[in-house]
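# Understanding the architecture of this molecule
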Amino acid sequence: MSDLVETIKAATALSRLAFGVFAATALFFIGAALSHLVLSGNVEHVLIALLAVVVAGVLDVPRVRLGPVPHLSPMISLPIVVVLALKPVFETVPAVGLVALGVLIVVWMRAHRPEVAVYAAGLTSVGGAAFLAAHDGLHAFAPEPVAAAAGAIAYLLAIIAVEALRHRYDMPRAGRGDERHYSVVRLVLTVGGFAGLCAFIAAWTHPFFDQRTDTLAVAVTLVPLAVIGAGAILVVRAVAMRRRLAGVVDGVIDLNATNHFVKTGGQASPITIAPAGTSTDLAAVLLRSVAATVGVESASVRHEPAGLGEIDAPLAISVLGGQFLVARRDVMDYPFTRDDHRALAALAHTADVVFTARESIGGLTIRANTDPLTGLPNYGAFQDALANINDHRDYSEALAVLFIDLDDFKRMNDRYGHQAGDEILSELGRRLSAVIRPYDVVARVGGDEFVVILTRLSTLAEAKLLAERIMEATSEPLPVSGTVINPVLSIGLAYSAHRETDVNQLLRDADRSMLAIKKSRRRGGPANESSINISGHRSSQMNDIVARAIDEDLLELAFQPIVSLVTGQIWAFEALVRYSDPELGPLSPPSLVEKAKSLGRLDALTRQVALKAMAAAADFRLIEPRIVCMTINVEAGQILPQRVGSFVEDLADRYPGISLCLELNERSVARVSTAVRAQAEHLRDIGIMIALDDYGSQDSSVDALVRMPMDILKIDKSLVDDLDDVRQREVLTALQGFGDNLEYSMIVEGVENEAMATHLSALGIRSAQGFHYGVPRSFEKTLSRLEEFGAAAVLPSPAVTELAL
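Note that this is a predicted model, so its numbers are computed, not measured.

What follows is about the confidence of the model for the protein. Per-residue confidence for the protein averages 80 on the pLDDT scale, and 84% of its residues sit at or above 70. This stretch, residues 171-178, has a pLDDT under 50; its non-local contacts, to residues over four places away or in other chains, come to 18 contacts.

Attention now goes to the environment of Val353. Assignment of secondary structure puts Val353 in helix α11 (residues 338-368). Accessibility expressed as a relative area gives 44% for Val353, which makes it partly exposed. For the pair formed by Val353 and Asn256, sequence separation is 97 residues and the distance between their alpha carbons is 9.2 Å.

The α-helix advances 3.6 residues per turn, and as a result positions three or four apart in sequence lie on the same side. For helix α3 (residues 43-60), with 18 residues, the first-to-last C-alpha span of 26 Å sits near the 26 Å given by 1.5 Å per residue. Among all positions in α3, only His45, Ile48, Ala49, Ala52, Val53, Val55, Ala56, Gly57, Leu59 and Asp60 are buried.

Describing two packed helices takes the angle between their axes plus the distance from one axis to the other. Where helix α14 (residues 418-435) contacts helix α15 (residues 460-474), the axes come no closer than 9 Å and their chain directions differ by 140°. Overall, the two elements α14 and α15 adopt an arrangement that is oblique. Crossing geometry of α14 relative to α15 is assigned as right-handed. Mapping the contact onto sequence places Leu428, Arg431, Leu432 and Val435 in α14 and Arg469, Ile470, Ala473 and Thr474 in α15. Residues of the contact of α14 with α15, tallied by class, amount to 5 nonpolar, 1 polar and 2 charged.

The next subject is the sheet that holds strand β7 (residues 441-444). Taken together, the 5 strands give an open sheet; going across it, the order is β7-β8-β6-β11-β12, and neighbouring strands pair in mixed fashion. Two strands in the sheet have a free side with no partner beyond their single neighbour: β7 and β12 (531-534). On average, adjacent strands in this sheet sit at an angle of 20° to one another, irrespective of strand direction. With 7 bridges connecting them, strand β6 (residues 398-406) and strand β8 (residues 449-457) associate as antiparallel partners. Of the residues in β8, the one forming a bridge with Ala398 is Leu457. Together, β6, β7 and β8 form the strand contacts of helix α12 (residues 379-392), whose direction differs from that of β8 by roughly 15°.

If you walk through the whole model with that rule in mind, you get 26 salt bridges. For Glu624, the salt bridge goes to Arg626, with nearest N and O atoms at 2.8 Å. A salt bridge links Glu681 to Arg684; the nearest nitrogen and oxygen atoms lie 3.6 Å apart. Taken as a pair, Glu681 and Arg684 lie in helix α21 (residues 674-685) at a separation of 3 residues, close to a single helical turn. The class for Glu681 is partly exposed, based on a relative accessible area of 35%.

In space, the 3 strands of this open sheet follow the order β3-β5-β4, with antiparallel pairing throughout. Here the strands that pair on one side only, and so sit at the sheet edges, are β3 (298-302) and β4 (310-314). Between one strand and the next, the sheet's axes are offset by a mean angle of 20°, whatever the strand orientation. Of the strand pairs in this sheet, β3 and strand β5 (residues 324-328) are connected by 5 bridges, and their pairing is antiparallel. In the sheet register, Val301 faces β5, and the bridge partner there is Leu325.

Alternating residues of β7 divide into Val441 and Ala443 and Val442 and Arg444, and every residue in both groups is buried. Pairing between β7 and β8: 4 bridges, direction antiparallel. Bridged to Arg444 within β8 is Phe450. In this antiparallel pair of consecutive strands, β7 and β8, the connection spans 4 residues.

We now examine unusual backbone geometry. Unlike most non-glycine residues, Asp408 shows phi in positive territory, near 55°. As for its placement among the helices and strands, Asp408 is situated in the loop between β6 and α13 (409-416). The exposure class assigned to Asp408 is partly exposed, which follows from its relative accessible area of 48%. Even without a glycine there, the phi angle at Arg456 is positive, about 55°.

Another point: the packing of aromatic side chains. Aromatic ring pairs are reported here in terms of the distance separating the ring centres and the angle at which the planes meet. Here the structure, examined in full by the defined rule, presents 6 aromatic pairs. Considering the side-chain rings of Tyr379 and Phe382, the 6.4 Å spacing of their centres and the 35° angle between planes classify their relative orientation as tilted. Residue Tyr379 and its partner Phe382 are located together in helix α12, separated by 3 residues, close to a single helical turn. For the pair Phe620 and Phe779, a centre-to-centre distance of 5.6 Å together with 25° between the ring planes defines the contact as stacked. Of the two residues, Phe620 is situated in helix α19 (residues 602-623) and Phe779 in helix α25 (residues 779-789); the sequence distance between them amounts to 159 residues.

Positionally, Thr356 belongs in helix α11. Residue class for Thr356 comes out partly exposed when judged on its relative accessible area of 44%. Each C-alpha atom, one on Thr356 and one on Ala316, is 9.2 Å from the other, the two residues being 40 residues apart in sequence.

Here we come to a nonpolar patch on the surface. A contiguous nonpolar patch, built from Val43, Val46, Leu47 and Leu50 and spanning about 370 Å² of accessible area, is present on the exposed surface. Within the secondary structure layout, Leu50 lies in helix α3. Its relative accessible area of 52% is what places Leu50 among the exposed residues.

Going through the model one piece at a time under the given rule, you end up with 0 disulfides. Here Cys629 is not cross-linked by a disulfide; its sulfur's nearest cysteine counterpart is in Cys661, at 5.2 Å. Its relative accessible area of 1% is what places Cys661 among the buried residues.

A word on the packing of α13 against α14. Across the interface, α13 lies against α14 with an axial gap of 6 Å and an inter-helix angle of 135°. With respect to each other, α13 and α14 are oriented oblique. Between α13, through Phe409, Met412, Asn413 and Tyr416, and α14, the contact on the second element is made entirely by His418, Ala420, Gly421, Ile424 and Leu425. Grouping the amino acids of the contact of α13 with α14 by side-chain chemistry returns 6 nonpolar, 3 polar and no charged.

Now for the pairing of strand β13 (residues 556-564). Judged by how many residues are buried, β13 sits mostly within the fold: 8 of 9 residues are covered. Counted between consecutive antiparallel strands, the loop separating β13 from strand β14 (residues 569-578) contains 4 residues, among which Gly568 sits at a positive phi close to 70°. Sheet topology note: the β13/strand β23 (residues 777-778) ladder contains 2 bridges and is antiparallel. Bridge pairing in β23 places Phe559 opposite Arg777.

Moving on, we come to the environment of Pro590. Position of Pro590 among the secondary structure elements: in helix α18 (residues 589-598). Spatially, the C-alpha atom of Pro590 lies 9.4 Å from that of Val577, the residues being 13 residues apart in sequence.

A rise of 1.5 Å per residue sets the reference length of α21, with its 12 residues, at 16 Å; its end C-alpha atoms lie 17 Å apart and thus fit the reference within 8%. One or two positions beyond α21, positive phi appears at Gly687, with a value near 105°.

In this section: the side chain of Ser767. Along the chain, Ser767 falls in strand β22 (residues 767-769). Since its relative accessible area comes to 11%, Ser767 is described here as buried. In terms of polar contacts, Ser767 uses its side chain to reach the side chain of Trp571, at 3.4 Å. If sequence neighbours within four positions are ignored, Ser767 has contacts with Val563, Ser564, Leu565, Trp571, Met746, Ile747 and Val748.

Thresholds, definitions, all that
- Each chain has its residues counted from 1, running along the sequence as written.
- Given that this is a predicted model, residues contribute local features only at a pLDDT of at least 70 and side-chain atom pairs are listed and counted only at 80 or more, while totals for whole chains, interfaces and linings are drawn from all residues.
- For the side-chain quantities, the full set of heavy atoms in the structure was used; hydrogens and water were omitted.
- Per-residue confidence from the prediction method is given by pLDDT, with values spanning 0 to 100.
- Only heavy atoms enter the contact rule, under which two residues are in contact if any of them lie within 4.5 Å.
- Here a helix means four or more residues in a row that DSSP labels H or I, a strand means two or more in a row labelled E, and each is numbered from the N terminus.
- The classification of residues rests on relative accessible area computed with a 1.4 Å probe and restricted to protein chains. Under 20% of the type maximum is buried, over 50% is exposed, and intermediate values are partly exposed.
- One less than the residue count of a helix, multiplied by 1.5 Å, gives the span that helix is expected to have.
- As a rule, the C-alpha atoms of each element are fitted with a line to give its axis, helices using only the stretch in contact, and angles between N-to-C directions run from 0 to 180 degrees.
- Angle categories: roughly parallel below 35 degrees, roughly antiparallel above 145, roughly perpendicular from 65 to 115, and oblique for all the rest.
- Each crossing gets its hand from how the near helix is turned against the far one by less than a right angle, where anticlockwise is left-handed and clockwise is right-handed.
- In this count, Pro and Cys sit with the nonpolar residues alongside Ala, Val, Leu, Ile, Met, Phe, Trp and Tyr, while Asp, Glu, Lys and Arg are called charged and the others, Gly among them, polar.
- Two strands pair under a simple rule: DSSP has to find at least two bridges between them.
- Salt bridges are defined by distance alone: a side-chain nitrogen of Lys or Arg within 4 Å of a carboxyl oxygen of Asp or Glu.
- Between 30 and 60 degrees the pair is tilted, below 30 it is stacked and above 60 it is edge-to-face, where a pair is any two Phe, Tyr or Trp rings, Trp via its six-membered ring, whose centres lie within 6.5 Å.
- Patches here: salt-bridge-free residues with over 30% relative accessible area, like charges joined within 9 Å, nonpolar side chains (Val, Leu, Ile, Met, Phe, Trp, Tyr) joined within 5 Å.
- What sets the accessible areas is the Shrake-Rupley method with a 1.4 Å probe; for residues, cover comes only from the shown protein chains.
- Disulfides are defined in this document as cysteine sulfur pairs within 2.5 Å.
- What qualifies as a polar contact is a pair of N or O atoms within 3.5 Å, subject to a donor-acceptor requirement within protein and to the restriction that residues adjacent in sequence count only when both atoms come from side chains.

Structural data, given as structure tokens:
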């Protein structure tokens, strides 16, 4: 009872007054019910009353949500129907009291909060009073079902009004906001459905009004209501268990996927660039996981433990903003259960483990990648930073590398001593860190050698201006061991206007430019002043070739047939990208795709391939109607709506007679987010197929078969290169069994001769692809094949030779 006292003390005067009114109302109705039982002295009535209390409590457990947002929309229970069931035995006032008593007991047992139990019983009593007023007011001149329906509507409106007032005046004081999410449709359906239910119960029990047959009244109404309530409780518990399990699994995956060590400034640790649009805030991911797993009105990380209506789990990592992970629900929502506590503790523990691991790895990484003398990144960290910056910059964003050497450092080291030499290097590092911009990088890569990465450049002139500013700042006189020296620097500058295929070439060019200055000095050039030499480096020609091919829509496609081993007919084609440069000739497809990816044009390439592939499929289908599917290759992350997901949805709608299949390579699905999995399910729901490509090509596992929703599993040729080996045949049989059980089809790639096809047919494999059925050919040659041979899977040898020419 101490919680009740503390709650009342902490409440405002208005809240205490309202609580008193509710408590008095509940006491009035419950007292009336108990008085009636005592005065009647009827044992059967007592037994019926006990059953009514139990049924009312059971019916109070399932809740009806009045809005679209779980745990942020008002919820109500409907135990008042018990009043109608008791009409043959009890008057309305004692019946309402029995219902309020059942609600009081159940809420107290479930929430372990007497003040909440008293409020719930009082709320039910207020609703019961409204029910009584409406029902009894109409009972004299309206049929019983109409009066019952009116009472039901009055009950709901009273409950909704009281709850709205509570949220309006109590919630701001509690610091949780007063916004409640209602749905007009849900309100109408709830009010109409409840009114209809009450009218039905009234019509059902009305024939027994004059008989006063207690046992029959219980049999026809209370028992079915108890069964319905118990069934609803089981459904609620099952849904909650499934939500918790899925939430914990997704939460663990998302927490482990967070990249907590994103560097935005400074030079003390390696730079890591997070993928665009991905939240890297561990606390934000943790709170989202709590909301999805436990189901809460609010979740927070704070220093104070859980208060009333809350649960908490301790956090060992105070860097997230507190020592406790706290979840809260509204008092009229479902109370937290022991399983909710366990789920919350599991997420908190996962966050602790993830953060500790990241901290340990991060600390080791910093020490391994930091120069101990200057505190700058070392050569390894510099290489990682240069590669990251090059890979993640826009194609048109330029960068420059400065290779800086301190001339005559060995002589100064020998003359003034090693301690003085260390002071010179430390001061030079400090000056470089101070003069560069926040988004540039400086590192020490050798004894007296430093490098600077200048980012976000537009022109070579801008890079030269920044290099001159760095040279001036670092060439200022430097006091050492009682004397002053004037550092002389040799600076080589290499400028890159576009993304590099081999970014290390940029560093080598800057190094050569720096060495050219030193060589010039040995031949009599200026020896007492710092100098800058600009390299003649130009970005790779390949960058421009691939960018132009994509931007000017010059890509071509080749098509390889996919055949049915059952019918011996082609039913699909795989579209493969091709490009031949007028000067360099054909480009390797893998290098073309990788280059497009490094240039930030992979999505543009995929859209072009998809558009041309589906247009070709439509032409193929005009000649051979058995061609029903076209497959294209994408990476898992590309299927998100903001990348190519929305595009392929629109494209599939334009070709309703052709199934579009997206082949995801196994490497790209090794770590996928819940958003990618959900998008894959959505695409499948609208008729776009998902295939897992190249299964068995590298470190494949059974986990890959269940990680992504899919329709087709494509087996890599490495698993079928020796079908005389019983182990390969057993693996294929097992995978075919998985496919049958998990409802996906299987296509075996790399079928190169009739013997392999025969083996596969004997194993029950139904689809195949490989050179035995045709090498990838251009659109024109594929069209010619279909015109001459139709959908035949295997062509006569002369025809194969002729088409290949």
